[in-house]
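This is what each chain is made of:
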Amino acid sequence: MTNVEKVVGVKKVRQKDPDGWDVTMPLPGDIIEGIAELAADDDSFIQAKAWSELTLFLGKIAGHFIWLKVRRGESTLKLRGYVLVERRSNLQKRFVVRAASDERHLAVIAELTLGRCTELQEMSRSMVNSGSRGYNQMGLQYDWKMKVGTYLPDSRSTVVSSIVFMPLTREYRVEATVVRTMAWFSAAVSSGIPLVFVNMQTEQISNLERKNTSGKDLTWSMQLDGYVGNQSAQGVRLWYLPGISEVPLELTPQPRETRFGIDIKRTDEGFVSIYSVAKGTAAERAGLVHLLEQANKSKHHLVISRLEGKSVLPSSVSSEGLIYCCDHGDIKETLNLAMERSECIRLHIMSWLIGIAQKIHQDRLA
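A short tour of the structure in this document, coming up. (Residues numbered from 1 in each chain as written. Predicted model: local features only at pLDDT ≥ 70, side-chain atom pairs only at ≥ 80, totals over all residues. Heavy atoms only, no water.)

Judged by nonpolar contacts, the single largest core of 29 residues is most densely connected at Leu251, Ile262, Ile274, Leu288, Leu302 and Ile349. Counting residues per element, the ones that place at least two in this core are strand 13 (245-251), strand 14 (262-266), strand 15 (272-277), helix 5 (282-285), helix 6 (288-297), strand 16 (302-307), helix 7 (328-340) and strand 20 (345-351). Ranked by residue count, the leading element in this core is helix 6, at five residues. Aside from chain neighbours lying at most four places away, what touches Ile274 is Ile262, Asp263, Ile264, Leu288, Leu292, Leu302, Ile304 and Ile349. Grouped together as the second largest cluster of nonpolar side chains are 23 residues, Leu68, Leu79, Ala107 and Ile109 included. (Core = buried A, V, L, I, M, F, W, Y, C linked by side-chain atoms within 4.5 Å. Buried < 20%, exposed > 50% of the residue type's maximum accessible area, 1.4 Å probe, protein only. Helix = DSSP H or I, 4+ residues; strand = E, 2+ residues; numbered from the N terminus. Contact = heavy atoms within 4.5 Å.)

Hydrogen bonds between backbone groups are what pair the strands of a sheet, and the pairing can be parallel or antiparallel. Pairing in this open sheet of five strands is mixed, and the strands run 9-12-8-18-19 from one edge to the other. Every other strand in the sheet has two partners, leaving strand 9 (195-205) and strand 19 (323-324) as the edge strands with one partner each. As defined by bridge partners, strand 18 (residues 316-317) adjoins strand 19 across two bridges and the pair is classed as antiparallel. If you follow Val317 over to strand 19, its bridge partner there is Ile323. Packed onto the sheet, helix 4 (residues 174-191) meets strand 8 (161-165), strand 9, strand 12 (233-242), strand 18 and strand 19 and runs at close to 155° relative to strand 9. (Pairing = 2+ DSSP bridges. Axes fitted to C-alpha atoms, helices over the stretch in contact; angles between N-to-C directions.)

Attention now moves to the packing of aromatic side chains. Within this structure, the stated rule accounts for six aromatic pairs. Plain terms: the ring middles of Phe65 and Tyr82 are 5.0 Å apart, the flat faces sit at 70° to each other, and that makes the pair edge-to-face. Placement of the pair is Phe65 in strand 4 (residues 65-72) and Tyr82 in strand 5 (residues 75-87), with a sequence separation of 17 residues. Given the relative accessible area of 38%, Phe65 is considered partly exposed. Three or more aromatic residues joined by ring pairs make a cluster, and in this case those are Phe165, Trp184, Tyr240 and Phe271. When the ring centre of Trp239 is taken as reference, the NZ or CZ atom of Arg237 above it lies at 5.9 Å. (Phe/Tyr/Trp six-rings, centres within 6.5 Å; stacked < 30°, edge-to-face > 60°. Lys NZ or Arg CZ within 6 Å of the ring centre and 35° of its normal.)

Taken by themselves, the reported measurements are silent on function.
Here it is as structure tokens:
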């Protein structure tokens, strides 16, 4: 056979939901080899070679269920359908076969070339994957407000955090930046920071600007050897989870207390860690003594991820190799100001164990 040989086939399918197609239905490109009105045994099929003869037969059996013998690739299938006639004018008729399993699935029958059938079958094959297509889809109402309030530690939380690494001077290949990124991540995890790797991606970066604590602009000019002006370079962004979960805590001062009772320090990788908790303080009442003891036993840092809903995690590394993170003085000022006003302070701790997060959450609800 040649690609220009004429055959009878399925020209197109009218179905609003292509996900509803399956292999038991007439599909675009199916070559019709025979039609049977009653039974599906081979002797009952009338050959569908001549288009003119077939249209006469279809006109006689319109409004009845039929069997189609179709060739699809190397396979021959027998499909059940219902014949419909659509009048386009007094002289023109179009024959449609409705799938027996789905009334919405209408296959238009026409005279086609063999080459066109091959093209249509390729399209059908991409639309139908009987092994993984699954069931039809439906819309499901979901209480987003309730779920966010229940399962996110803070309504402003993005759950996943990230840090972007700029290429250093003379760091021409992105692979070198990736190596530094993974060195930072590995060093943080090895030191006891409970990070969980999520993803890594490259970013085109050009003249990013930041504000330092004095309010002056700090420009990362990207003036690498061979790169000047506004030409962009590739940075690397690392996405990670701040622990298995973030544990929300509220430190509430009592009358005549002068401090919340936590001492903090910064790790080499830029994280804010609690290294001591005073007994008889708001921090102890919030459960931080227990968390610190557990952290020390498992050789983890007790890391603050957010203070008053704002992230205190490191956010970027400049082309000079500086890690930009929350200013230590800002954290102390926030704590001191809340204490002066006798206001409670909200913070989130990076948890390394699911059980700890669940216990703290249950204690808060009790």
